[in-house]
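Inside the fold
Residues per chain are reported as follows:
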Amino acid sequence: MNVDGVPYRSIWPIAQRAVGIIDQTGLPYEFRTLELESSRAVAAAIASMQVRGAPLIGVAAAYGIALATNGDAGDAAIEQAARELLASRPTAVNLRWAVDRMRACLRQVAPAHRRAAAWREADAIAQEDVQMNRAIGSHGSALLRELHGLSGRPVNVLTHCNAGWIATVDFGTALSSVYMAHDAGVPLHVWVDETRPRNQGLLTAWELAAHGVAYTLIADNAGGHLMQRGKVDVVMVGADRVSRSGDVCNKIGTYLKALAARENSVPFYAAVPSPTIDWQLNDAIRDAPIEERAASEVRTVHGRDAGGRQSSVEVAPPQAPVANPAFDVTPARLVTGLITERGVVAPAQLEAMFPEGQARS
Ligand code: MRU
């Protein structure tokens with residue numbers, strides 16, 4: 001996608017010595033890029049959310065393993081890098097998926113050839129991410145076109161968090177559908193949940209504005225009201241981990257949108273590239289690992305002051321007890337459909353659509 005007319009991906013290899021990333025902690029106020037030169041630097045970038053979004057976390061981890069092989073391509077060094085990467089954030093299963101795929105690939109290769117193989121495999125994972133998101137966009141945009149055909153009005157989409165191109169290598173998952181529909185002339189408007197405490201909705205607003213898609217930023221609590229008033233035609237979100245039965249673990253607050261959507265007969269879709277499916281997970285409500293993040297994220301708000309400088313201000317007393325679960329689980333029964341690279345599927349049909357997944361579990 002373009003930033004000020006310049007095409008970018010959210011991560012890119014640099015001569016097999018580093019990976020470039022967009023530092024998402026600066027957005028939407030400042031666009032800056034960084035070079036990461038070690039697997040440890042990649043793990044730190046994931047933990048600090050300089051790179052974020054489930055698919056991008058997975059791809060970054062793959063490059064992290066490739067970077068590890070630059071120094072020492074022996075088993076112990078790769079295992080050490082894998083451990084550090086896996087410990088960076090717990091919820092997005094794409095991280096484990098990518099690390100496992102890199103390990104499986106490198107296990108077949110003699111240490112002397114691992115570096116080349118690792119960069120090749122990480123590049124392949126990145127390229128596949130782009131292809132999956134394109135396919136998701138094509139299936140999801142067909143849904144949006146259909147909704148427009150039914151009403152004859154612009155389609156009002158509500159989205160939560162950021163499932164856009166910067167959360168993936170390119171195009172995004174939920175927003176890929178929006179971009180493709182928009183590019184194909186389907187009239188659209190997106191309600192963008194602010195997504196406290198980290199306000200990833202601002203990243204979504206930044207993306208949509210850059211692409212010329214009409215949007216309105218709303219406080220997280222506004223969605224139910226808008227649905228009651230008939231102002232939302234469809235909810236489209238991303239996912240960080242989907243169980244084999246189609247429960248969707250995504251950014252905290254997604255579950256409340258799904259409840260409101262069901263109550264108001266608004267269809268609720270999650271965009272799910274297959275590396276986001278955890279075939280070992282049966283009961284996501286009980287077993288999905290939910291990241292608990294720092295209390296400071298709730299007690300403070302980050303923004304830009306009148307002088308244009310980024311800063312954080314306290315909105316709660318520093319001693320206020322805080323809970324900060326970063327994800328929640330929307331049970332499959334509230335999900336109208338999962339938009340995968342193979343097509344749109346009801347949660348109960350997910351295993352039938354990916355029979356090879358069952359074999360992996
Ligand atoms: O904590 P984040 O910003 O990494 O969480 C991101 C989300 O929850 C996204 O909705 C999800 O990863 C899908 S990204 C295409």
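Up top you'll find the structure we're talking about.
The following paragraphs examine the structure supplied in this document. Numbering of residues begins from 1 in every chain and follows the order in which that chain's sequence is written. The model is predicted, so local features are restricted to residues of pLDDT at least 70 and side-chain atom pairs to those at 80 or more, both for listing and for counting; the totals for chains, interfaces and linings are taken over all residues. Calculation of side-chain values draws on the structure's entire complement of heavy atoms; hydrogens and water are dropped beforehand.

For the purposes of this entry, the term helix denotes a DSSP run of H or I that reaches at least four residues, the term strand denotes a run of E that reaches at least two, and both are numbered from the N terminus. Relative to the assigned elements, Tyr8 resides in the loop between β2 (6–7) and β3 (11–14). Only protein chains enter the accessibility calculation, which uses a 1.4 Å probe. A residue is then buried if its area is under 20% of the maximum for its type, exposed if over 50%, and partly exposed in between. The partly exposed category is assigned to Tyr8, whose relative accessible area is 24%. Through-space distance from the C-alpha of Tyr8 to that of Gln50 is 16 Å; in sequence the pair is 42 residues apart.

Another aspect to go through is the site of the ligand. When at least one non-hydrogen atom of a residue lies within 4 Å of a molecule or strand, that residue is treated as near it. Among the 19 residues in the neighbourhood of the ligand, the closest are listed as Arg52, Arg89, Asp240, Asn250 and Lys251. Any pair of N or O atoms that falls within 3.5 Å is considered a polar contact. Within protein, one atom must be able to donate a hydrogen and the other to accept it, and sequence-neighbouring residues count only if both atoms are side-chain atoms. Between the ligand and Arg89, the relevant distance is 2.8 Å, taken from an oxygen atom to a side-chain nitrogen or oxygen of the residue. A distance of 2.8 Å is found between an oxygen atom of the ligand and a side-chain nitrogen or oxygen belonging to Asp240. Method for areas: the Shrake-Rupley scheme with a 1.4 Å probe, in which residue coverage is limited to the protein chains shown. In the complex, the protein chains occlude 100% of the 420 Å² of accessible area that the ligand would expose alone.

In terms of nonpolar packing, the biggest core is built from 72 residues, with Ile11, Leu144, Val157, Val178 and Met236 touching the most fellow members. Element by element, the count of residues in this core is highest for helix α2 (residues 54–71), at 12 residues. The contacts of Val178, once residues within four sequence positions are left out, are Leu144, Val157, Leu188, Val190, Leu208 and Val213. Note on terminology: a nonpolar core comprises buried Ala, Val, Leu, Ile, Met, Phe, Trp, Tyr and Cys residues joined through side-chain atoms within 4.5 Å. Core analysis: the second largest hydrophobic core is formed by 26 residues, Leu158, Val237, Phe268 and Leu338 among them. Contacts are assigned to residue pairs with any non-hydrogen atoms lying within 4.5 Å of each other.

It is worth spelling out helix α7 (residues 201–211) at this point. Along α7, 8 of the 11 residues are buried, which leaves the element largely enclosed by surrounding structure. Every buried residue of α7 is listed here: Gly201, Leu202, Leu203, Thr204, Ala205, Trp206, Glu207 and Leu208. In this fold, the buried residues of α7 make contact with β1 (2–3), β6 (155–159), α6 (174–183), β7 (188–193) and β8 (215–218). In the stretch just after α7, Gly212 is the one whose phi turns positive, near 75 degrees.

Note that all results are geometric; they support no functional claim without further evidence.
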